[in-house]
Amino acid sequence: MHLFFQTIFRRRFLLTISIAFALSASLSAQVETEEWRFKPQIGVWFGPVTPVPGTKISEAITTSLGGGLFFRMNIPSNTLRLELGGSYSYYTARTVTRLHSVPVYGALAYTIPINLPLTFQLKAGAGANFLQNYPERSKNWLPAGYLGFETSFPAGKLVNIGVRADYYLVYEKHLTPPAANPNYEVVNGHFLNFGLMVNFNLSR
């Protein structure tokens, strides 16, 4: 009889341990899911835009103003987020040349893990840049590489304020020079954006 109760006790003990383990794993998975659930941010920026000094395109157009939008969401990582963005810039020159630029990109944003009120992010990605120049009115979508830097601080639970810098390499060298001007030099475009930024936390 004693052996019978001992066997039942062992079985119940193992069953209890198994149930506890299963519940623990389930709760852990739920916590992890809650921690990495979709947490979007949306933001805007406005500031000066310029061709990179010393490049060919800087000889034709001058510094101007631009602005843009971006959307950011988390992925299962402590330091990485996915960012999608776009902007608009209108460049002028000393001559009649004008240039409209509309870059769009997707990038991974890496948050530097330091314990400060300020948040620092490094970004890298790729996209495309729509360029249209005047008075020729030629236009084209061109592939582009993207690098960015951002620093911000919280101004409440829903708003962050900061500054950002964006660099675009617009790849044009694959294009064929116009037949009417075979001596025309095709060069890549290099652009920098600097802006004041406000982004909103859409969920906490």
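From a predicted model like this one, the values you see are computed outputs, not experimental measurements. (Residues numbered from 1 in each chain as written. Predicted model: local features only at pLDDT ≥ 70, side-chain atom pairs only at ≥ 80, totals over all residues. Heavy atoms only, no water.)

A. The arrangement of the packing of aromatic side chains in detail. According to the stated counting rule, one finds six aromatic pairs in the structure shown. Relative to W141, the ring of F130 has its centre 5.4 Å away and its plane inclined at 50°; by these criteria the two rings are tilted. With F130 in strand β5 (residues 119-134) and W141 in strand β6 (residues 139-154), the pair connects residues that are eleven residues apart, well separated along the chain. Residue W141 is classed as partly exposed on the basis of its relative accessible area, which comes to 49%. Following the ring pairs from residue to residue traces out a cluster consisting of Y105, Y146 and Y168. Seen from the ring of F70, R164 lies directly overhead, with NZ or CZ sitting 4.9 Å from the centre. (Phe/Tyr/Trp six-rings, centres within 6.5 Å; stacked < 30°, edge-to-face > 60°. Helix = DSSP H or I, 4+ residues; strand = E, 2+ residues; numbered from the N terminus. Buried < 20%, exposed > 50% of the residue type's maximum accessible area, 1.4 Å probe, protein only. Lys NZ or Arg CZ within 6 Å of the ring centre and 35° of its normal.)

B. Local environment of the layout of surface pockets. Of the volumes computed, that of the second largest pocket is approximately 610 Å³. Lining the second largest pocket we find 32 residues, and of these Q41, R81, T111, T119 and Q121 sit closest to its centre. Secondary structure elements with two or more residues in the lining of the second largest pocket: β2 (64-74), β3 (80-91), β5, β6 and β8 (189-201). With four residues, the single largest contributor to the lining of the second largest pocket is β6. Residue classes in the lining of the second largest pocket are distributed as eleven nonpolar, 14 polar and seven charged. (1 Å grid on protein atoms, 1.4 Å probe; cavity = no way out; pocket = protein on both sides within 12 Å on 5 of 7 lines; lining within 4 Å. Points joined across faces, edges and corners; volume = space filled by probe spheres on them. Nonpolar A, V, L, I, M, F, W, Y, C, P; charged D, E, K, R; others polar.)

C. Main features of the environment of T55. For T55, the location among the structural elements is in the loop between β1 (41-51) and β2. Taking the relative accessible area as the measure of exposure, T55 reaches 15% and is therefore buried. T55 sits 133 residues away from N188 along the chain, and the two C-alpha atoms are 8.9 Å apart. A polar contact of 2.6 Å, which involves the side chain of T55, links it to the backbone oxygen of V52. (Polar contact = N/O pair within 3.5 Å; in protein donor to acceptor, adjacent residues only side chain to side chain.)

D. Quick peek at the pattern of salt bridges. This structure, assessed with the given rule, holds six salt bridges. Between R164 and E83 there is a salt bridge, with the nearest N and O atoms lying 3.5 Å from each other. Here the residue R164 occupies a position in strand β7 (residues 159-170), and E83 occupies one in strand β3, the gap between them amounting to 81 residues. Assessed through its relative accessible area of 4%, R164 is described here as buried. Residue E83 is classed as buried on the basis of its relative accessible area of 0%. Where salt bridges share partners, they join R72, E83, K123, E150, R164 and D166 into one cluster. (Salt bridge = Lys/Arg side-chain N within 4 Å of Asp/Glu carboxyl O.)

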